[in-house]
There are 2 protein chains.
Amino acid sequence: MPNDNDLLDRYYSVIPAGGIGSRLWPLSRADAPKFLHDLSGSGQSLLRDTWDRLAPLAGEQRIMVVTGRAHRAAVEKQLPALQDANVVLESEPRESTAAIGLAAAILERRQPGVIVGSFAADHVIGEPERFRQTVRQAMVTADAGFITTIGIMPTEPSIGFGYIHAVKPLGVEGAPDACFVDTFVEKPDLPTAEKYLAAGNYMWNAGMFISRADVLLEQIGRSRPELLAGLLELAEAWDTPRRGAVVDQVWPDLEKIAIDYTVAEPSALEGKLAVVPGTFSWDDVGDFASIAKLHSGGRKSELAILGKNARILSDSSSGVVVSHSNRVISLIGVEDIVVVDTPDALLVTTSAHAQRVKAVVDALRLSGSGDVL
Amino acid sequence: MPNDNDLLDRYYSVIPAGGIGSRLWPLSRADAPKFLHDLSGSGQSLLRDTWDRLAPLAGEQRIMVVTGRAHRAAVEKQLPALQDANVVLESEPRESTAAIGLAAAILERRQPGVIVGSFAADHVIGEPERFRQTVRQAMVTADAGFITTIGIMPTEPSIGFGYIHAVKPLGVEGAPDACFVDTFVEKPDLPTAEKYLAAGNYMWNAGMFISRADVLLEQIGRSRPELLAGLLELAEAWDTPRRGAVVDQVWPDLEKIAIDYTVAEPSALEGKLAVVPGTFSWDDVGDFASIAKLHSGGRKSELAILGKNARILSDSSSGVVVSHSNRVISLIGVEDIVVVDTPDALLVTTSAHAQRVKAVVDALRLSGSGDVL
């Protein structure tokens, strides 16, 4: 087992900051995606929370952010310590295999043997030091050649997440909790989720991957050789004057596919996927029901309020109000309510219907109301 | 019995247009009171609906409007045919005895023996010709010396209205439906309201009074001699250059009291109150639940939408949305919902809680948010 410093010198965090977060419309939208909002109550954006959580691992100079061109200014404002060389701009969204794969390919060229950890920009994590301890175990596991994911120990039979099935311990020194993964399963129905919870060795897939860059790229290449070729071409040109021309030529044609399909599922089948269980609290803040729960601190008798200058008069004891206009908001006799008030769009729903917000976004797009998306 | 033309030559309608309609906040408010809104779906304001309903009785030149100074411009815009001599401006609100009493006193000086009919500016009435037939019977009854009210035949055991108890027929020629009233009762509880409905001779008090002006003033004088003295002093000065000075001096000190207490209740006790039952449909549009009912045409499976440029995406089949901003409003999975969206204030409640809106207005006033009232 290599010592910690050696590992950290070869480690790089990657933050793909791409998704809009349609289930959080009209708060999240094309020009104000979810990762730019303070949804944790920390007083800063989720992106900045993510940065602060990762920086102690290998330093601020070893965090790369992959984001859309349109978000460059906002991202750099959130992350003043982000180095130019660590910004990867997408001319258009190409999904997670392209985003994480390009970061890995660039970093591998710069430092062969680099270990890359990829973490969503818009999740909430409760105990950052416990999170980092888990990542350190995952680094060791990754260094041994495994694609390593961090699984979240489920606290309820959620049907909203995919599950990772952990089997026998891996036996890698320095990573006592790491296990082999035999399957990677899609969102289950409730009876199945209950079975998973009872079994104790099913974990939520939080989309965190730690791997040697060369191992990751090789895995991409096995399932998607053309995609890998494109990524390598981009990486070769990246730190040269040809970057712009090659990006314009190659990036738009890359296949849009999630890393779950190109890397996680195939590597599980091949016995090359490992998991380190995360015991920190985690929330993907997937919808307004999550926000209500997060902000009421788990208490069911509190209306969560987001918005610095909120002027709210309410007798509601549950639900969430997001006030991004300066209007007075009055709620009478409505429970588990979700009210999201922005200058050009208003959403009224309930916690129970929060997942249906995405369908509304689709409907608005189809009905010609894309101006508010 | 005098002939119709003689009566109509002595008849004048009075529209007190004063109340804000706090239960309809934030749609109705100090600078946009209820009577200036289109709540009937007619395409024009309730005030204009009221005018159009009364004009065929004795002509547009015989309708007087009592309103606040602040509303003069808006009222005159709604009612271009309103004559200057028929505008009575209140420097500050003094309740219905002062408003209607002053109109009666002015009209009595101009035309002794005048019959005055007073009708709220902000109610919805369905069959205007049937309404006018009822008013014509009330005129005949009033000419015979009675304070005459129009009672609304109840369609349900409402606890939201006061009731008028009709006893034996009056026997006045030309007013076959007129009856004596023995009591005027405050809003009852539900069992009492059910008893009233079953009895068949209890009617809703819609605040409509038709009376000879001299009879009305005499009745005010008997219960409130000082108030009458003030009204007569104002009326004497009204059509002279002294009007402004006398208004400034007298109006602010007039007692604030509803005409129900100074006229209706005492005259019932003295056997001088009559009622003509109204069989037209009537709604006082008292809260958003009323609006939802009115606009869904009684159907329970329709979301009522008010607002010319409303952009609404909703799966709700009941309730009401008032859109007075240009924002996109999206409702998901909320039923019997009330959403009132204005540029500076938003209300979210349910039909069942619509009556509690007034309490919110009071709370906003107390909490220093009077800017949105």
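Values in this document were obtained by computation on a predicted structure and should not be read as measured data.

S.K.: Describe the overall build of chain A, and please don't skip the residues or the numbers.
M.R.: Across its full length, chain A holds twelve helices and 17 strands. The C-alpha radius of gyration of chain A comes to 21 Å, within 12% of the 21 Å expected for a compact globule of 373 residues. Judged by the C-alpha coordinates and their principal axes, chain A covers about 60 × 50 × 35 Å. Out of the 373 residues belonging to chain A, those deemed buried represent 55%. Here chain A has roughly 14900 Å² of accessible surface; of this, 50% comes from carbon and sulfur atoms. When the 35 positive and 48 negative side-chain charges of chain A are each reduced to one mean point, those points stand 2 Å apart.

S.K.: Residues and numbers for the environment of A:D52, please.
M.R.: All names here are of chain A. If you trace the backbone, D52 turns up in helix α2 (residues 46-58). Under the relative-accessibility criterion, D52 is labelled partly exposed at 32%. Distance in space between the C-alpha atoms of D52 and P128 is 8.9 Å, their sequence separation being 76 residues. With sequence-adjacent residues up to four places away left out, D52 is seen in contact with Q44 and R132.

S.K.: For the packing of aromatic side chains, give the residues involved together with the corresponding values.
M.R.: Residues and elements named next belong to chain A. Summed over all chains, the structure comprises 16 aromatic pairs over all chains. Consider the rings of F161 and W204, whose centres lie 4.8 Å apart with planes at 55°: the pair is tilted. Of this pair, F161 sits in the loop between β6 (147-152) and β7 (163-169) while W204 sits in strand β9 (residues 202-212); the two residues are 43 residues apart in sequence, bridging distant segments of the chain. Pair check on accessibility: F161 and W204 agree, each one buried. Three or more aromatic residues joined by ring pairs make a cluster, and in this case those are F119, F131 and F280. The lysine or arginine in question, R53, covers the ring of F131, its NZ or CZ lying 5.7 Å from the ring centre.

S.K.: Which residues make up the sheet that holds strand β12 (residues 304-306) of chain A, and what values go with them?
M.R.: Pairing between sheet strands relies on hydrogen bonds along the backbone, with the strands arranged either parallel or antiparallel. Strand order in the open sheet formed by six strands is β12(A)-β14(A)-β16(A)-β17(A)-β15(B)-β13(B), and the pairing between neighbours is mixed. The sheet is open, and its two edges are formed by β12 of chain A together with β13 (311-314) of chain B, each paired on a single side. When strand polarity is set aside, the average angle formed by the axes of neighbouring strands in this sheet is 10°. Packing of helix α12 (residues 357-366) of chain A onto the sheet brings it into contact with β17 (345-350) of chain A together with β13 and β15 (328-331) of chain B, and relative to β13(B) it is tilted by some 135°.

S.K.: Describe in detail the relation of the copies chain B and chain A, supporting the description with residues and values.
M.R.: Note on the copies: chain B fits chain A at an RMSD of 0.1 Å, the axial shift is 0.0 Å, and the rotation between them is 180°. The relationship between the two copies is best expressed as a two-fold rotation axis. Taking C-alpha positions as the reference, the residue of chain B nearest the rotation axis is B:V348, at 4.1 Å. In this assembly, 100% of the residues forming the interface of chain B have copies in chain A that are likewise at the interface, indicating an isologous arrangement.

S.K.: Can you break down the environment of A:V361 residue by residue, with the values?
M.R.: Residue and element names in this part refer to chain A. Looking at the element boundaries, V361 is found in helix α12. Judged by its relative accessible area of 4%, V361 falls in the buried class. Between the C-alpha atom of V361 and that of L27, which follows or precedes it by 334 residues, the distance is 12 Å. When sequence neighbours within four positions are dropped, the list of residues in contact with V361 reads S22, W25 and L373.

S.K.: Before we move on, can you summarise the UniProt feature "domain: Nucleotidyl transferase" (unreviewed entry) in chain A with the specific residues and values?
M.R.: Within the UniProt annotation, "domain: Nucleotidyl transferase" (unreviewed entry) is assigned to residues 14-295 of chain A. Measuring from the first to the last C-alpha atom of residues 14-295 of chain A gives 28 Å, for a span that is 40% helix and 21% strand.

S.K.: Tell me about the interface of chain B and chain A, and name the residues and values.
M.R.: With 33 residues of chain B at the interface, the matching set in chain A holds 33 residues. Where chain B abuts chain A, roughly 2600 Å² becomes buried across the two surfaces, and 61% of that area is made up of carbon and sulfur atoms. On the chain B side of the interface with chain A, the three residues burying the most area are B:R327, B:I332 and B:L346, jointly 27% of the side's total. Where chain B meets chain A, there are six salt bridges. With a closest N to O distance of 2.3 Å, B:D315 and A:R356 form a salt bridge.

S.K.: Can you lay out the sheet that holds strand β17 (residues 345-350) of chain B for me, pointing to particular residues and giving the numbers?
M.R.: Taken together, the six strands give an open sheet; going across it, the order is β13(A)-β15(A)-β17(B)-β16(B)-β14(B)-β12(B), and neighbouring strands pair in mixed fashion. Sheet topology places β13 (311-314) of chain A together with β12 (304-306) of chain B at the edges, where each strand pairs with a single neighbour. On average, adjacent strands in this sheet sit at an angle of 10° to one another, irrespective of strand direction. Pairing analysis gives four bridges linking strand β15 (residues 328-331) of chain A to β17(B), with the strands arranged parallel.

S.K.: Mind laying out the pairing of β17(A), listing which residues take part and the relevant values?
M.R.: All names here are of chain A. The element β17 is largely enclosed, with a buried count of six among its six residues. Burial of the side chains of β17 extends over both faces: A345, L347 and T349 are buried on one face and L346, V348 and T350 on the other. Note that strand β16 (residues 337-341) and β17 share five bridges and pair antiparallel. Paired with V339 across the bridge in β17 is V348. Hairpin connection from β16 to β17: three residues lie between these consecutive antiparallel strands.

S.K.: Hey, could you go over the pairing of strand β9 (residues 202-212) of chain B for me, with residue numbers and the actual values?
M.R.: All names here are of chain B. Burial analysis of β9 places nine of its eleven residues in the buried class, the great majority of the element. With four bridges joining them, strand β4 (residues 115-118) and β9 adopt antiparallel strand pairing. Paired with G117 across the two strands is I210, which belongs to β9. As paired strands, strand β6 (residues 147-152) and β9 are joined by four bridges and run antiparallel to one another. Each bridged residue has a counterpart across the sheet, and for T149 the counterpart in β9 is F209.

S.K.: Give a detailed account of the side chain of B:S369, specifying residues and quantitative values.
M.R.: In this fold, B:S369 is placed in the segment after α12 (357-366). On the basis of relative accessibility, which here comes to 10%, the residue B:S369 falls in the buried class. Aside from chain neighbours lying at most four places away, what touches B:S369 is A:R311 and B:L364.

S.K.: So what about the domain arrangement of chain A? Which residues, and what values?
M.R.: Accessible area lost during the coming together of the parts is what is often quoted as the interface size. All names here are of chain A. For chain A, the domain assignment lists domain 1 (4-283) and domain 2 (288-372). Computed from C-alpha atoms alone, the centre-to-centre distance between domain 1 and domain 2 is 29 Å. If you look at the interface, domain 1 gives 15 residues, while domain 2 gives 22 residues. For the domain 1 and domain 2 pair, buried surface summed over both sides reaches about 1600 Å², with 64% attributable to carbon and sulfur atoms. The largest per-residue losses of area from domain 1 upon contact with domain 2 belong to R23, W25 and L27, which jointly make up 42% of the total buried on that side. The tally of links between domain 1 and domain 2 comes to two salt bridges. Residue R29 pairs with D344 through a salt bridge whose shortest N-O separation is 3.0 Å. On the surface where domain 1 and domain 2 come into contact, there are six residue pairs in polar contact (both at pLDDT 80 or more).

S.K.: How would you summarise the pattern of salt bridges if you had to cite specific residues and measurements?
M.R.: Residue and element names in this part refer to chain A. Applying the stated criterion across every chain yields a total of 44 salt bridges over all chains. A salt bridge links R327 to D341; the nearest nitrogen and oxygen atoms lie 2.4 Å apart. Taken together, the residues span a long stretch of sequence, with R327 in the loop between β14 (319-323) and β15 and D341 in strand β16 at a distance of 14 residues. Both residues of the pair, R327 and D341, belong to the buried class.

Reading guide: rules and limits
- Residues numbered from 1 in each chain as written.
- Chains lettered and ligands numbered in written order.
- Predicted model: local features only at pLDDT ≥ 70, side-chain atom pairs only at ≥ 80, totals over all residues.
- Heavy atoms only, no water.
- Helix = DSSP H or I, 4+ residues; strand = E, 2+ residues; numbered from the N terminus.
- Rg over C-alpha atoms; globule rule 2.2 N^0.38 Å.
- Buried < 20%, exposed > 50% of the residue type's maximum accessible area, 1.4 Å probe, protein only.
- Areas by Shrake-Rupley, 256 points an atom, 1.4 Å probe, with all protein chains shown as cover.
- Lys, Arg positive; Asp, Glu negative; His and termini not counted.
- Charge placed at Lys NZ, Arg CZ, Asp CG, Glu CD.
- Contact = heavy atoms within 4.5 Å.
- Phe/Tyr/Trp six-rings, centres within 6.5 Å; stacked < 30°, edge-to-face > 60°.
- Lys NZ or Arg CZ within 6 Å of the ring centre and 35° of its normal.
- Pairing = 2+ DSSP bridges.
- Axes fitted to C-alpha atoms, helices over the stretch in contact; angles between N-to-C directions.
- Least-squares fit on C-alpha atoms with pLDDT ≥ 70 in both.
- UniProt positions renumbered as here; feature names shortened; annotations may be inferred.
- Buried area = accessible area lost by both parts, 1.4 Å probe.
- Salt bridge = Lys/Arg side-chain N within 4 Å of Asp/Glu carboxyl O.
- Domains from an automatic or database assignment.
- Polar contact = N/O pair within 3.5 Å; in protein donor to acceptor, adjacent residues only side chain to side chain.

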